[in-house]
Each structure stands twice: as structure tokens, then as C-alpha cells.
Amino acid sequence: MKTTLRQYTVEAVLEGFVYNELEGKGLFGLAGQLVIQPEYQRHYIYGDGKRDVAVIDSLLKGYPLGLIYFNVAKTGGGLEVLDGQQRITSVGRFVTGKFAVKVAGREQVFSSLPKDDQQKILASELLVYECEGTETETKDWFQTVNIAGVPLNRQELLNAIYSGPFITSAKAEYSNSRNANMQKWSSYVKGDPKRQEVLEVALDWVSSSGGVSIDAYLAQHRGDHDIAPLNRYFTSVIDWIVSVFTRPPDKEMRGLDWGRLYESYHSTSYNATEVDEAIDELRADPAVHNAKGIYEYSLGGKTSPQLLDVRLFDDKAKRAGYEQQTQKAKVKGVSNCPLCALGTDNNRARIYRQDEMDADHVTAWSKGGATDLSNLTMLCQTHNRAKGNK
């Protein structure tokens, strides 16, 4: 990697600056010679009223913004931002009137600043290293310089590694917070589209369906211009969720592993009305401690109650059950474990200590049994572990 240190004024870098509000991108600078957001760069994330304001505050106080890195394009001699995209875009958005900062206690946009403050910002010097190297060197360097600041997440790194027409098209669909479908998707998919988290979910679903990792999937499709297979699979999963669970989406549905659930259950026929009624019943059951598990439990035919983290008997109920059961057993001269009492070995008349026994549902919770004293039986640990959910 060859590097050359240069100085540019903010005014020069922002000449011809364009910001796309729809996609959250700062696109061009240096009179069209600078690409501010190459394919491998993440979207603009500084627009939170804090980090973007801090950048402008630094310039007004005469503080340096730190080193910035430009990559020299392989053809044409143009430049692209390797590191510094967030800072440059913040300044560009402020200068073009996209947000305000407080100066001396008053909200000010760029055009309302005193002329000397405007000039101070535009005349600020930016120290820039222009870097020349192979694609591999550029992307390795990109990952290195992005260790500082707001770290790249996994999908942002993968976007850099596998940049190309497929990633460009996929980002336009799944990283655009203004996509009309985003509100519907957000009921089931958890993540910030600008941080590539919705894209990561879409890629995880489609890649997992083919038994490969996201990395492998992107490597296979990097040069594709068509993302229709990705769109079809993602839409199929969302449509399946909506068709099975016709109730308004619950907050616990957001972020579930719907891709895996789709692969496991989409060939099963469901009565949506019965599913919704079962969901209502489970959500109202005080014994259910894991509401997120309700949906997979229902899809799987209610055979895995461990998904629900069903409330166990409390200590008071176990102690009362043990005492009642032990007293009756002593009167009859049999074991206080009712299953041992049916046997013919030495345990038939054994009286267990409470810490040698477990509380169990007489009628399993999954079969409608309540978690209260009337449905409690104390079993020796050996029999309870063998009993399971029978």
C-alpha cells in the first residue's frame, strides 16, 4: 500500500457534495472526483444529533478532525473515501442545511452562522492520506482503520469484502430505512437497516436454506446483478409468518429465528384461527415464563414445553406436598414416592428426604395440568427423571 499525505480544505472536499436522504448516503465531493461512499462503505450513521453535532463543534473550535484516508481508484485516477466518510458527510450535511447546531445557546444552521464562522468551517484543513494498492490491500486496510470509532459490525465487514453489484442491489433493498416494506418487516425482523442488520437477516435466511454460510453465499453471488432469489425467499418467509399467525404481531415475534422455523414448519398445514386462540391462551397463562417460545411451541404441535420455561412449583408448595405425601405413606407403611411404593424392591417402603425428591405435575402441564398443590406429586429423583412428559 503506497500512501501520500495531502491537505484539502473543507470547501474543496465539499465542492459538488450531494447527499441522498432516501438512502442515507453522502455521494460525491471534490467537484465529482471523490466518491464519498464506495460500495464497501456502510451507510451514514452519525445523523443522531450528537455525533454529527460534535463534528461541527470541533471545526468551530478549531480542533482537527483527525486523519482521513482516500483510496486512489484503479482506473481514471479518481478518489474514494476509505476512512472518514462519517465526518465528511456530517460536514457536508451541515453546510447544505440538513441539521442545526447550538452556538452560544442558540440553534444555528450553516446559513445563519456569522460569516466568519462559516468561513472558519470552509477553510478548515483536512489531513488526508491518499492510498494506492490492490483491491485486497484496500479492503484489508479499510478493516484496519475502522477498528477505531464506531466498529464495523459483521455484515458491514462482509459488505466490504464482497462488494460488487449483488451487495449494491441488496443494500438498496434491505438497508434503506425508507423502504415501504420496512415497517411490515420490522414486526418480525430485529435490527437497524442502516447498520446492515436487516440485510444480514435476509442473507442468513436464504443462505441457511441452502446449507451455506452468509460468507459462502456472498462469494457465490458477488457478481450477480439480480437479487430476485434473495427477495423471493425473504418474502416467502414473511408471507408464511403472516398466513400462520393472523393476529396483530406481538412484540415477542420480533427477532425470532424465522428462517429456521420456516424451513422446519412451512410444509405443515395450520388452522390460523386455532393457532391464534392457542397463542392467546398461552400468553395469558401465568405458568409460561418465556413468551418468545410460544410461537415455536405452537408450530411444533405443543410437544416441547421446555420452550416456554414453564413455572415450576415454588418451595412452599413442594414442602406442603412433601409433608402431606410422607404422612400418608408412613400410615400405609409404603414409600413416600408413589412409584417406588408400587414396586417390589427394597425401595418399596423407603421414606425419602425432601432433598432426594422432585416436584412433578400429576397431569403434565402440556396436557392441561395446573402448577398448583392439587396437581403436585413428589417423586424420587430417579423416577421423576425417567417419567419425562408422560
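As a starting point, this report considers the structure included with it. (Residues numbered from 1 in each chain as written. Predicted model: local features only at pLDDT ≥ 70, side-chain atom pairs only at ≥ 80, totals over all residues. Heavy atoms only, no water.)

What about the overall build of the protein chain?
Part 1 of the reasoning: When helices and strands are tallied, the protein chain shows 16 helices and 11 strands.
Part 2 of the reasoning: At 31 Å, the protein chain has a C-alpha radius of gyration far larger than the 21 Å of a compact globule built from 390 residues.
Part 3 of the reasoning: Its C-alpha atoms put the protein chain at 100 × 50 × 40 Å along the principal axes.
Part 4 of the reasoning: A buried classification covers 45% of the 390 residues belonging to the protein chain.
Part 5 of the reasoning: Of the contacts made within the protein chain by residues no fewer than 6 positions apart, 64% connect residues no fewer than 24 positions apart.
Part 6 of the reasoning: The protein chain carries 46 positive and 50 negative side-chain charges, and their two centres are separated by 6 Å. (Helix = DSSP H or I, 4+ residues; strand = E, 2+ residues; numbered from the N terminus. Rg over C-alpha atoms; globule rule 2.2 N^0.38 Å. Buried < 20%, exposed > 50% of the residue type's maximum accessible area, 1.4 Å probe, protein only. Contact = heavy atoms within 4.5 Å. Lys, Arg positive; Asp, Glu negative; His and termini not counted. Charge placed at Lys NZ, Arg CZ, Asp CG, Glu CD.)

What to know about a nonpolar patch on the surface
Part 1 of the reasoning: Together, Leu5, Leu67 and Leu127 make up an exposed nonpolar region whose accessible area comes to about 240 Å².
Part 2 of the reasoning: On the accessibility criterion, leucine 127 (37% relative accessible area) is partly exposed. (Patch = residues over 30% accessible without salt bridge, like charges linked within 9 Å, V, L, I, M, F, W, Y side chains within 5 Å. Areas by Shrake-Rupley, 256 points an atom, 1.4 Å probe, with all protein chains shown as cover. Salt bridge = Lys/Arg side-chain N within 4 Å of Asp/Glu carboxyl O.)

Section: the packing of aromatic side chains
Part 1 of the reasoning: Enumeration according to the criterion identifies 14 aromatic pairs in this entry.
Part 2 of the reasoning: Here the aromatic rings of phenylalanine 94 and phenylalanine 110 are separated by 6.0 Å at their centres, their planes lie at 85°, and the arrangement is edge-to-face. Of this pair, phenylalanine 94 sits in helix α3 (residues 85–95) while phenylalanine 110 is found in the loop between β8 (106–108) and α4 (115–123), placing the two residues 16 residues apart along the sequence.
Part 3 of the reasoning: A centroid spacing of 5.7 Å and a plane angle of 75° characterise the contact between tryptophan 240 and tyrosine 262, whose relative ring orientation is edge-to-face. With tryptophan 240 in helix α11 (residues 228–244) and tyrosine 262 in helix α12 (residues 258–265), the pair connects residues that are 22 residues apart, well separated along the chain.
Part 4 of the reasoning: For tryptophan 240, a relative accessible area of 8% translates into the label buried.
Part 5 of the reasoning: Exposure remark for tyrosine 262: the relative accessible area of 12% places this residue in the buried category.
Part 6 of the reasoning: Site record: aromatic cluster; members linked through ring pairs are Tyr174, Trp185, Trp205 and Phe234.
Part 7 of the reasoning: Arginine 93 extends its terminal NZ or CZ atom over the ring of tyrosine 19, reaching a point 5.0 Å from the ring centre. (Phe/Tyr/Trp six-rings, centres within 6.5 Å; stacked < 30°, edge-to-face > 60°. Lys NZ or Arg CZ within 6 Å of the ring centre and 35° of its normal.)

What about the nonpolar core?
Part 1 of the reasoning: In terms of nonpolar packing, the biggest core is built from 48 residues, with Trp205, Leu230, Trp240, Ile241, Phe245 and Trp258 touching the most fellow members.
Part 2 of the reasoning: Considering every element that reaches this core, the biggest residue donor is α11, with 8 residues.
Part 3 of the reasoning: In this structure tryptophan 240 touches Trp258, Leu261, Tyr262, Tyr265, His266 and Leu299, once residues within four positions along its chain are discounted. (Core = buried A, V, L, I, M, F, W, Y, C linked by side-chain atoms within 4.5 Å.)

Considerations on the side chain of serine 298
Part 1 of the reasoning: Turning to its location among the elements, serine 298 is positioned in helix α14 (residues 294–299).
Part 2 of the reasoning: Apart from the residues within four sequence positions on either side, serine 298 is in contact with Tyr270, Ile279 and Leu282.

Here we look at α4
Part 1 of the reasoning: Buried within α4 are the following residues: Asp117, Gln118, Ile121 and Leu122. Summarising the axial view, the buried residues of α4 lie within an arc of 135°, below the 170-degree limit, and thus occupy one face. With respect to the buried face of α4, the exposed residues turned more than 90 degrees away are Lys115 and Asp116.
Part 2 of the reasoning: For α4, the elements touching its buried residues are β1 (2–9), α1 (10–13), α2 (51–60) and α3. (Arc of directions from axis to C-beta.)

Brief notes about the pattern of salt bridges
Part 1 of the reasoning: Per the stated rule, a full pass over the model turns up 18 salt bridges.
Part 2 of the reasoning: Here arginine 87 and aspartate 83 are joined by a salt bridge, their closest N and O atoms 3.3 Å apart.
Part 3 of the reasoning: Note on arginine 87: relative accessible area 15%, which makes it buried.
Part 4 of the reasoning: One salt bridge in this structure joins aspartate 257 and arginine 260, with 3.2 Å as the shortest N-O distance.
Part 5 of the reasoning: For aspartate 257, a relative accessible area of 35% corresponds to the partly exposed category.

So, the side chain of aspartate 83
Part 1 of the reasoning: Looking at the secondary structure, you find aspartate 83 in strand β6 (residues 79–83).
Part 2 of the reasoning: Judged by its relative accessible area of 14%, aspartate 83 falls in the buried class.
Part 3 of the reasoning: Here the side chain of aspartate 83 touches arginine 87 through a polar contact of 3.3 Å, side chain to side chain. (Polar contact = N/O pair within 3.5 Å; in protein donor to acceptor, adjacent residues only side chain to side chain.)

Describing unusual backbone geometry
The general pattern is negative phi for most residues beyond glycine and trans for most peptide bonds.
Part 1 of the reasoning: For leucine 30, which is not a glycine, the phi torsion comes out positive at approximately 50°.
Part 2 of the reasoning: Tracing the sequence through the fold places leucine 30 in the loop between β3 (25–29) and β4 (34–35).

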